[in-house]
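As a plain string of letters, each chain reads:
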Amino acid sequence: MTVTLVRPELVVEVGVDAARDNAGRWRHPVRWYRARPDLSPGDIAHFGNSA
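Cut-offs applied
- Residues numbered from 1 in each chain as written.
- Predicted model: local features only at pLDDT ≥ 70, side-chain atom pairs only at ≥ 80, totals over all residues.
- Heavy atoms only, no water.
- Helix = DSSP H or I, 4+ residues; strand = E, 2+ residues; numbered from the N terminus.
- Rg over C-alpha atoms; globule rule 2.2 N^0.38 Å.
- Buried < 20%, exposed > 50% of the residue type's maximum accessible area, 1.4 Å probe, protein only.
- Contact = heavy atoms within 4.5 Å.
- Areas by Shrake-Rupley, 256 points an atom, 1.4 Å probe, with all protein chains shown as cover.
- Lys, Arg positive; Asp, Glu negative; His and termini not counted.
- Charge placed at Lys NZ, Arg CZ, Asp CG, Glu CD.
- Salt bridge = Lys/Arg side-chain N within 4 Å of Asp/Glu carboxyl O.

Enquirer: Even after reading the chapter, I still don't get the overall build of the protein, so can you show me in this structure?
Expert: When helices and strands are counted, the protein shows 0 helices and 2 strands. The C-alpha radius of gyration computed for the protein amounts to 14 Å, which surpasses the reference 10 Å derived for 51 residues by more than 25%, pointing to a less compact arrangement than a globule. Each of the 51 residues in the protein was classed as buried or not, and the buried ones make up 8%. The long-range share in the protein, meaning contacts at least 24 apart out of those at least 6 apart in sequence, stands at 26%. When the accessible surface of the protein is split by element, carbon and sulfur atoms take 55% of a total near 5,100 Å². For the protein, the separation between the mean place of its 7 positive charges and that of its 6 negative charges on side chains is 7 Å.

Next comes the structure, spelled out in C-alpha cells:
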C-alpha cells in the first residue's frame, strides 16, 4: 500500500453507513452532503480523536 500525505484545505459533510456484507465489504457508498466554507480544517478533530 502506498500512502500519500496531503494538507487539508476544504471541509465537507459526508454521510457514512457502518453496514457491511458477509464478505466484509461496505454495503452503501459514502454520500456527499455539502461543502462547509464556514469551517477550516483546523476546526475539525483528526480522525480517530474525539472532539
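Enquirer: Can you walk me through the pattern of salt bridges in this structure?
Expert: When charged atoms on two side chains of opposite charge get close, those side chains can pair. Across all of its chains, the model carries 4 salt bridges by this definition. Where Glu 13 meets Arg 36, a salt bridge forms, and the shortest distance between an N and an O atom there is 2.9 Å. Of the two residues, Glu 13 sits in strand β1 (residues 12-15) while Arg 36 sits in the segment after β2 (31-35), which places them 23 residues apart along the sequence. Its relative accessible area of 26% is what places Glu 13 among the partly exposed residues. Residue classification places Arg 36 among the buried positions, given a relative accessible area of 18%. One salt bridge connects Arg 25 with Asp 21, and the closest N-O pair in it is separated by 3.0 Å.

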